[in-house]
Amino acid sequence: MHKEAEIREPLILGNKTYGQITRDVVAPVEGKANKWWYLMFTIASLIALWGLGCITYTIGVGIGTWGLNTTVGWAWDITNFVWWVGIGHAGTLISAVLLLFRQKWRMAINRSAEAMTIFAVMMAALFPGIHMGRIWMAYWVLPLPNQFGSLWVNFNSPLLWDVFAISTYFTVSLVFWYIGLIPDFATVRDRAVKPLSKKIYSFLSFGWTGNAKAWIRFEEVSLVLAGLATPLVFSVHSIVSMDFATSVIPGWHTTIFPPYFVAGAIFSGFAMVQTLLLIVRKVVNLEDYITVKHVEYMNIVIVITGSMVGVAYLSELFISWYSGVEYEGYAFLNRATGPYSWSYYWMMSCNVITPQLFWIRKIRRSLVLSFILSIVVNIGMWFERFVIIVTSLHRDYIPSSWDDFHPTFVDLGIFIGTIGIFFVLFLLYSRVFPVLALNELKTIVKSSGEGYKNGNLKVELPTLPTQGTGSPKVEAPKVEEKPEPTPTPAPAKSEPEASVQNTQASKAEAKDDLTKIEGIGPKINEILNTNGILNFLQLSQTDTTKIKEILVAAGPRYQIHDPATWPKQASLAAEGKWEELKEWQDKLDGGKE
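K.L.:
Please give an account of the side chain of Thr-187 that cites residues and values.
P.N.:
Note that Thr-187 resides in helix H5 (residues 158-191). Apart from the residues lying within four places of it in its own chain, the contact partners of Thr-187 are Thr-22, Leu-438 and Asn-439.

Pasting the structure below:
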């Protein structure tokens, strides 16, 4: 195990054991949501309903309900599209890069970042669809054989490249996210009490067994997908930037756009992940796992990428002057002094000046200020896209065609509505899926957990015997055989006494469903049965040390289970005290036992 310096702050607070980590992370899925979740969900749902109403109105009446005009044919919709795509492209990149560099603090943010990618790309895909006016004909953007003869898409257009790039990225991100969830789905499956929940999570976990071969393949596939997703993000957002860079519009026709857009995507993506993490840690009670240190690491990345975006802004200004092209020079002069200069200064303030506050340690470690500044950064990144698109279009080569863009209530409603839909999906996800990488968290608890770092928690697991330099060889505990004594005839028993003994014998031979015990899943049930523990009565009479020996003999994976409470639970189950057992397990899940 990697030894971590004591001076480093722990990434997991409290004296957490493996069992406590499982209960804490799975609690939002198994239990009831707190008041903060219901409050956030209610607000997000109302905003989402407003947005859905505006989308329905647009589809029914037409895009004439938007503020577009002959000069500004792209405006609010394409601004929202690029903003959502930028946020979406950062999520998987964050998770993949941190995995490739083996960063431990990744464990608290990767699941939320990957989920953010899926939902953000879904929101982005909505805008090109409704901008078509006839969303039911969206399949025309795909190169499918059709009855129109030579009517094909234009393969030279970056807009078509977008379709392929974003759909490919969405597919890879979805697979990367889902594969990471499979071991955690299996954990929820093994703990599920209700038959329906057990069936659903059994299906979602794809029969995950957790043996050594499964974990090896899991690691290999995760690394391959991370290696594939990282360059894919750069190529995909570069293609999005080419929607503008390949045109001849002043302010767009520049080669700096691909790296500029990628840096902006990472910048806005980290800011959105920061916003989501600070919400998640509150609404699902994960303050011990999403710590101030995680927030500080995120803010450090934000200040670095914000500085990169600032350099890109200055490079644009310099090139517009150095090129000597008067149209380019006027495009940037118009941004700073024209009718939309207010949006330009909002962009510069939010994206360049505000992130520099994170150089101050107190600010970057403040949860409230981090939350506020992360929202400010996302506002600034939206204004960046608005400045690039609208200010470059509304004054082109011919002054007689100059015009201004003014958004309508439908423009506003659709954009704000997509934010509501995004948060509705994310909050629902936090109640159905584990929002932290449960099994990955357990790999760092001994090196980065507060209890282990401070020496307050010392859980000694049995050491496996080894042979040579090979893999650990597990041997079952040896039982010394003793010669059986010659049986002596027992005295005759009365009829009631014999009846009681027969009842006890039948109870001892009966087979119970041991998965009703908190912490025992189907696989451990099978292991206990193989070792002669078939029912609740036998389990209640088995010493905890003996159970640990059985789990050690079964393999390293089962050493993380703590059987200390199993005999007590089995005793209540054997006596038929199901209500008392349920109350006891609920207290155990809440950390009260």
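K.L.:
Describe the packing of aromatic side chains, and please don't skip the residues or the numbers.
P.N.:
Given two aromatic rings, their pairing is described by the distance between the two centres and the angle made by the two planes. Under the criterion given, the structure shown has 45 aromatic pairs. Aromatic side chains Trp-76 and Phe-386 sit 6.3 Å apart centroid to centroid with 75° between the ring planes, which places their arrangement in the edge-to-face category. Remark: Phe-386 occurs in helix H13 (residues 367-393) and Trp-76 occurs in helix H3 (residues 76-100); sequence separation between them is 310 residues. By relative accessible area, Trp-76 is classed as buried at 10%. With a centroid separation of 5.8 Å and an interplanar angle of 55°, the aromatic rings of Tyr-178 and Phe-185 are classed as tilted. By relative accessible area, Phe-185 is classed as buried at 0%. When the ring centre of Phe-332 is taken as origin, the NZ or CZ atom of Arg-335, which lies over that ring, is 4.5 Å away.

K.L.:
Outline the nonpolar core, listing residues and values.
P.N.:
Judged by nonpolar contacts, the single largest core of 137 residues is most densely connected at Trp-84, Ile-109, Phe-422 and Leu-441. Here the element with the most residues in this core is helix H8 (residues 257-283); it accounts for 16 residues. Beyond its immediate sequence surroundings of up to four residues, Trp-84 is in contact with Ala-120, Met-123, Ala-124, Phe-127, Thr-418, Ile-419 and Phe-422.

K.L.:
Lay out a nonpolar patch on the surface in plain terms, naming residues and giving numbers.
P.N.:
On the surface, Ile-135, Trp-136, Met-137, Tyr-139, Trp-140, Leu-142 and Leu-144 cluster together to form a nonpolar patch covering roughly 670 Å² of accessible area. Here Trp-140 shows up in the loop between helix H4 (110-131) and H5. Judged by relative accessible area, which is 40%, Trp-140 ranks as partly exposed.

K.L.:
Explain the pattern of salt bridges to me, and be specific about the residues and the numbers.
P.N.:
For the structure shown, the criterion picks out twelve salt bridges. The shortest N-O distance in the salt bridge between Glu-575 and Lys-577 comes to 2.9 Å. Residue class for Lys-577 comes out partly exposed when judged on its relative accessible area of 37%. The structure contains a network of salt bridges with shared partners spanning Glu-9, Lys-293, Glu-296, Arg-361, Arg-364 and Arg-365.

K.L.:
Before we move on, can you summarise the side chain of Asp-411 with the specific residues and values?
P.N.:
One can find Asp-411 in helix H14 (residues 409-432). For the buried residue Asp-411, which engages in no salt bridge, the nearest side chain bearing the opposite charge is Arg-385, 17 Å off. One polar contact links the side chain of Asp-411 to the main-chain amide nitrogen of Thr-408, over a distance of 3.0 Å. Contacts of Asp-411, omitting those with residues within four sequence positions, involve Trp-66, Gly-67, Trp-76 and Phe-405.

K.L.:
Can you tell me about the environment of Lys-511, naming the residues and giving the values?
P.N.:
Considering the arrangement of structural elements, one finds Lys-511 in the loop between helix H18 (495-509) and helix H19 (522-530). C-alpha of Lys-511 to C-alpha of Asn-529: the two residues are 18 residues apart in sequence and 8.6 Å apart in space. Setting aside residues up to four positions removed in sequence, Lys-511 forms contacts with Asn-529 and Leu-534.

Conventions and cut-offs
Positions within a chain are numbered from 1, following the residues in the order the chain's sequence is written. At least 70 in pLDDT is required for a residue's local features to be given in this predicted model, at least 80 for side-chain atom pairs to be given and counted, and no such filter applies to totals for whole chains, interfaces and linings, which use all residues. Note that the side-chain values use all heavy atoms of the structure and ignore hydrogens as well as water. A helix here means a DSSP run of H or I that spans at least four residues, while a strand means a run of E at least two residues long, and both kinds are numbered starting from the N terminus. Working rule for contacts: check all heavy atoms of both residues, and any pair within 4.5 Å makes them a contact. Only Phe, Tyr and Trp rings are paired, with Trp represented by its six-membered ring, and only when their centres lie within 6.5 Å; those with planes under 30 degrees apart are stacked, over 60 edge-to-face, the remainder tilted. Between buried and exposed lies partly exposed: a residue is buried under 20% and exposed over 50% of the maximum accessible area for its type, with that area taken using a 1.4 Å probe on protein chains only. Charge over a ring is defined by NZ of Lys or CZ of Arg lying within 6 Å of the ring centre and within 35 degrees of the ring normal. Residues grouped as a nonpolar core are buried Ala, Val, Leu, Ile, Met, Phe, Trp, Tyr and Cys residues, joined through side-chain atoms within 4.5 Å. Patch rule: a residue counts if its relative accessible area is over 30% and it has no salt bridge; like charges are joined within 9 Å, and nonpolar side chains (Val, Leu, Ile, Met, Phe, Trp, Tyr) within 5 Å. The Shrake-Rupley method, run with a 1.4 Å probe sphere, supplies the accessible areas, and residue values consider only the shown protein chains as cover. Should a side-chain nitrogen of Lys or Arg be within 4 Å of a carboxyl oxygen of Asp or Glu, the pair is scored as a salt bridge. Charged residues are defined narrowly, with Lys and Arg counted positive, Asp and Glu counted negative, and His plus the chain ends left uncounted. For the purposes of these results, a polar contact is taken to be a pair of N or O atoms within 3.5 Å, where, inside protein, one atom must be able to donate a hydrogen and its partner to accept one; residues adjacent in sequence count only when each atom of the pair is a side-chain atom.

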